[in-house]
Amino acid sequence: LVLSHGDLHPGSVMVDAVTGDMKVIDPEFTIYGPPGLDVGSLLSGYVLGAIHQAFSGNDSAAEKIADSVQLIWDAYKDGFKAEIPDTSDSLIDSIEVETVGFAVAEVCRTALGKAGGRLWLQFPENPDTQKAAMKAALELVQACMVARHKPGAISLLVKEIGMACGSC
């Protein structure tokens, strides 16, 4: 177990546009939990953001967000190894599996409307678009939840984000 933020999502990360300094806010849910919890929770927001942008007609933003998923994972993995240099590859692989699991579980909760009013997949002006975005999100969940146990779980997630965004 590691010390975890417990509710890490894109709204909990503040970045100064000028200096690039980053701050994580709202630590009231801090817990000891599995290493993949925070990065998975954070990535769920990126997955949902990419799908939302794609179904809003902003394909270039969706693509940039999807690319960020890989960059965030790489930075997390490199930071983890820098802090604990003797970290085994099998531990990193295990964390990758749980990261994708946490990410797609949050995507699922949101797509099913069980995530406390998150608006990522809401298109009130167009119910057909909303239904299609929710379907794409759930298809991504279905494709990743079990298959994440094979090598390359983050690559699978990034590929499935592309598939979900291409379905609009």
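All of the points below concern the structure found in this document. Everything quoted here is computed from the prediction, not taken from an experiment.

Moving on, we come to the packing of aromatic side chains. Inspection of the entire model under this criterion finds two aromatic pairs. A centroid spacing of 6.0 Å and a plane angle of 45° characterise the contact between tyrosine 76 and phenylalanine 80, whose relative ring orientation is tilted. Of the two residues, tyrosine 76 and phenylalanine 80 both sit in helix H2 (residues 59-83), four residues apart, roughly one turn of that helix. Through successive ring pairs, a cluster of aromatic residues spans Trp73, Tyr76 and Phe80.

Core analysis: the largest hydrophobic core is formed by 40 residues, its most contacted members being Ile51, Leu121, Leu140, Leu157 and Ile161. Apart from residues no more than four positions distant in its own chain, leucine 121 is found in contact with Leu48, Ile51, His52, Ala111, Gln130, Ala133, Met134 and Ala137.

Within the secondary structure layout, histidine 5 lies in the loop between strand S1 (2-4) and strand S2 (13-15). A polar contact is formed between the side chain of histidine 5 and the backbone nitrogen of aspartate 7, at a distance of 3.2 Å. Among the polar contacts made by the side chain of histidine 5, one reaches the main-chain carbonyl oxygen of isoleucine 25 at a distance of 2.7 Å. Sequence-distant contacts of histidine 5, that is, excluding residues within four places in its chain, are made with Ser12, Val24, Ile25, Asp26, Pro27, Phe29, Thr30 and Asp38.

Rules behind the numbers
- Residues numbered from 1 in each chain as written.
- Predicted model: local features only at pLDDT ≥ 70, side-chain atom pairs only at ≥ 80, totals over all residues.
- Heavy atoms only, no water.
- Phe/Tyr/Trp six-rings, centres within 6.5 Å; stacked < 30°, edge-to-face > 60°.
- Helix = DSSP H or I, 4+ residues; strand = E, 2+ residues; numbered from the N terminus.
- Core = buried A, V, L, I, M, F, W, Y, C linked by side-chain atoms within 4.5 Å.
- Buried < 20%, exposed > 50% of the residue type's maximum accessible area, 1.4 Å probe, protein only.
- Contact = heavy atoms within 4.5 Å.
- Polar contact = N/O pair within 3.5 Å; in protein donor to acceptor, adjacent residues only side chain to side chain.

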